[in-house]
Amino acid sequence: MECNQPLAPRKSSSFSAGRDEKRREIDRNLSLGTVKVEQGHERKQRRNEETIQEEEEEEPEANLITVSGDIDNFLAVLLAVGDGRDGRHEPPEIPESTIEKFVVLVEEEIAMYETGDEKWSSGGAEPSLLDAIDRVSKLTTGLRKISSEPKYQQAVNRSGTVLHQAMCFLEDEFHSLLQDARTKQEAVSSSSSKTKPQPSFSRLYDFDRHVPPSSEPSSCKPSPAYTPEAVERLHRIADAMISAGYDAECCQVFAVARRNAFEAGLLSLGFEKVSIEDVLKMAWESLETEIATWIKAFRHTITASISAERELCEAVFAGHRAISDRLFRTLAHCAIIQLLTFAEAVTMTKRSAEKLFKVLDIYEAMRDVMPTVDALLPDEGEQEESSILVDPKTEISSVRFRLGEAAVAIFCELESSIKADNSKTPVPGGGVHPLTRYVTNYLKYACEYKNTLDQVFKEHRHSEKPSSTHDNRGNNGGNGNYNPFAAQLGGAMDLLHSNLESKSKLYRDLALSNIFLMNNGRYVAKKVKGSPEIHQLLGETWYRKRSSDLRQYHKNYQRETWSKLLACLRDDGLQVKGSVAKPLLKERFKSFNAMFEDIHKAQSSWVVSDEQLQSELRVSVSAVVVPAYRSFLGRFSQYLDPGRQTEKYIKFGAEDLENLIDELFDGNPSSMASKRRT
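The paragraphs below set out a description of the structure included in this document. (Residues numbered from 1 in each chain as written. Predicted model: local features only at pLDDT ≥ 70, side-chain atom pairs only at ≥ 80, totals over all residues. Heavy atoms only, no water.)

1. Looking at the overall build of the chain
Along the backbone of the chain there are 25 helices and 2 strands. With 678 residues in all, the chain has 48% of them scored as buried. Counting contacts in the chain only where the partners sit at least 6 residues apart, residues at least 24 apart contribute 82% of the total. A total of about 34,800 Å² of accessible surface is found on the chain, and carbon and sulfur atoms cover 48% of it. (Helix = DSSP H or I, 4+ residues; strand = E, 2+ residues; numbered from the N terminus. Buried < 20%, exposed > 50% of the residue type's maximum accessible area, 1.4 Å probe, protein only. Contact = heavy atoms within 4.5 Å. Areas by Shrake-Rupley, 256 points an atom, 1.4 Å probe, with all protein chains shown as cover.)

Structural data, given as structure tokens:
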């Protein structure tokens with residue numbers, strides 16, 4: 001059943017036309033506030049011979065309370081005849097003049113409230129007016145039982161007309177009370193919202209009627225929409241209308257007013273109703289903002305609005321549990337379904353990696369409110385409306401299931417994105433590759449949703465077995481509890497590692513290739529170590545393996561770069577027949593100088609952004625090169641002639657080497673520009 005379809009009214013409200021023609025000219029100074037209650041309302045029988053004298057004397061002025069006493073007596077007689085308690089089965093004589101006086105006085109009282117300055121919603125009606133309307137209802141019901149008699153037909157029609165008029169008046173006041181409290185609270189600026197609608201008997205209500213939002217943004221803290229006095233008046237009116245058989249009209253007015261209030265509340269929270277088509281056309285940046293607003297509105301609706309709506313239904317329709325429950329369930333259903341339409345539309349949008357976290361946010365919002373929904377809408381067996389209203393809990397579960405499916409699919413597509421990144425351009429200086437940053441940060445952020453992703457993967461991947469690709473990484477240390485999310489995470493990390501190893505082969509210099517692997521490996525390891533969630537999922541074994549790989553890259557770098565340089569500082573071949581061969585010594589110094597200058601020129605342009613790794617590399621290089629150079633210099637510098645030869649062949653002191661090594665891996669732009677292909 002569509003929530004936007006209005007209920008069909010049962011009665012017509014064309015009571016206004018001709019009302020003045022039906023009223024008699026009775027003194028307008030009658031007032032409920034100026035009469036006193038008289039004890040006993042039976043008139044004494046007048047003797048026939050006093051009739052002339054009675055007519056000559058001025059008859060006491062009739063009022064609503066005195067006439068009501070006569071009506072009560074007549075109703076008691078009607079009830080006794082209907083029950084057969086007095087032994088009589090013949091209907092009583094109708095006091096037509098008393099009935100006419102009574103209904104006219106009721107008409108006058110209603111007219112005073114309709115045309116006067118004092119309105120029900122602002123000043124409050126006298127309880128006796130509702131009592132009088134209740135008498136009209138009982139009188140009409142009683143007379144209809146004997147309406148087959150022609151002599152009773154006029155009285156039946158007259159009371160029925162006034163009852164209809166009274167119900168239209170009550171409906172109008174009922175709507176005013178519902179509308180005015182909300183209008184004052186929201187400070188509605190649109191003048192159209194202040195116009196009273198016609199009673200529902202004469203037209204169909206538009207369930208999609210626009211209600212302007214509050215000019216001030218609403219907080220998520222619930223506040224009572226109506227004062228206790230207003231709720232009590234609403235209850236009395238509802239009770240009167242239901243007792244008179246006008247429950248459908250009463251419920252329709254209530255449902256329309258509360259649905260409009262709900263939509264106005266959504267607008268005040270910043271959420272505007274959008275169609276599925278609008279969501280599918282929306283740019284992601286705009287949709288991302290809408291999702292955040294939707295989550296706020298959805299949580300507020302479930303935890304505050306619907307709970308308050310239940311309390312209001314129970315208070316206004318106290319004593320009518322079935323009506324209260326039906327109204328509340330219908331309103332809750334429409335509110336929830338309207339919000340779920342947006343969430344369902346999100347599941348239909350094109351899937352992409354950046355949408356994962358907002359999809360999970362919606363999923364969590366739905367999951368977290370389910371206990372509240374269960375408490376507000378408990379299962380009550382077969383409901384009369386079950387054939388036309390889908391259970392909101394079922395709808396929430398259905399949309400949440402589709403969100404879980406979407407989340408799993410989006411996450412699994414990360415593997416496809418890693419495989420598709422086959423760029424052939426190496427990162428300058430061997431720095432961290434953008435793919436490494438993207439995948440690692442994406443997975444780290446995803447692990448902040450660890451519990452939720454565990455849940456959705458178990459729901460949607462529980463039947464899958466570990467694949468050899470993932471190396472049973474989801475077995476949580478081999479305890480047999482397979483975790484499909486952990487397996488997917490490990491698989492993504494393995495693919496990233498393989499992709500980086502392929503990209504390292506783009507560097508011609510093997511030393512730079514190892515710097516690239518060190519940079520990217522350290523970046524990943526540092527992120528994993530800093531995130532307890534991802535570290536737990538990948539496991540200590542994975543982390544130790546990656547740390548071992550890093551140490552191997554370091555060794556490879558030193559071997560490729562500094563082993564050749566250190567070969568210049570070996571003693572082999574320098575001594576011939578017990579004396580140092582100076583030409584060979586000079587060649588060794590020249591080779592060392594040239595090689596070190598080339599290394600410094602190249603590697604000062606290389607990039608090691610991690611300060612700890614940069615320091616470790618410099619310290620390890622200095623620890624190997626500087627002591628070896630200092631020893632070689634101490635043993636062989638004396639064999640060079642002082643002066644020009646020393647300056648020509650010994651260009652660096654041990655301290656100079658230390659300072660120059662500390663300049664490595666700075667990513668000097670000038671050096672980098674001179675050597676873009678390595």
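2. Considering unusual backbone geometry
A negative phi angle is the norm for most residues apart from glycine, just as the trans form is the norm for most peptide bonds. In this structure, Phe665 takes a positive phi of about 65° despite not being glycine. Mapped onto the secondary structure, Phe665 falls in the loop between helix 24 (654–661) and helix 25 (669–674). Note on Phe665: relative accessible area 1%, which makes it buried.

3. With respect to the packing of aromatic side chains
Counting across every chain of the model gives 22 aromatic pairs. One aromatic cluster is present, built from ring pairs that chain together Phe357, Tyr438, Tyr442, Tyr445 and Tyr449. (Phe/Tyr/Trp six-rings, centres within 6.5 Å; stacked < 30°, edge-to-face > 60°.)

4. Considering the environment of Cys313
Within the secondary structure, Cys313 sits in helix 11 (residues 284–316). Distance from Cys313 to Leu331, taken between C-alpha atoms, is 10.0 Å for residues 18 residues apart in sequence. Once residues lying within four places of it in the same chain are set aside, the contact partners of Cys313 are Phe254, Ser324, Leu327, Phe328 and Leu331.

5. Re the nonpolar core
Most often, soluble globular proteins keep nonpolar side chains buried together rather than apart. Residues Phe174, Phe254, Trp294, Phe317, Met366, Leu443 and Tyr557 are the most contacted members of the largest nonpolar core, which totals 170 residues. Tallying contributions element by element places helix 12 (residues 321–348) first for this core, with 13 residues. (Core = buried A, V, L, I, M, F, W, Y, C linked by side-chain atoms within 4.5 Å.)

6. Some points on the pattern of salt bridges
All chains considered together, the criterion is met by 22 salt bridges. Across the salt bridge formed by Glu344 and Arg402, the nearest N and O atoms sit 3.1 Å from each other. Of this pair, Glu344 sits in helix 12 while Arg402 sits in helix 14 (residues 392–420), placing them 58 residues apart in sequence. Exposure remark for Arg402: the relative accessible area of 26% places this residue in the partly exposed category. Salt-bridge contacts for Asp549 lead to Arg546; the nearest nitrogen and oxygen are separated by 3.4 Å. Highlighted residues: Asp549 and Arg546, both in helix 20 (residues 540–567), separated by 3 residues, approximately one helical turn. A residue is classified by how much of its surface remains accessible, and Asp549, at 15% relative accessible area, is buried. On the basis of relative accessibility, which here comes to 13%, the residue Arg546 falls in the buried class. (Salt bridge = Lys/Arg side-chain N within 4 Å of Asp/Glu carboxyl O.)

None of the figures reported here should be taken as evidence of function without further support.
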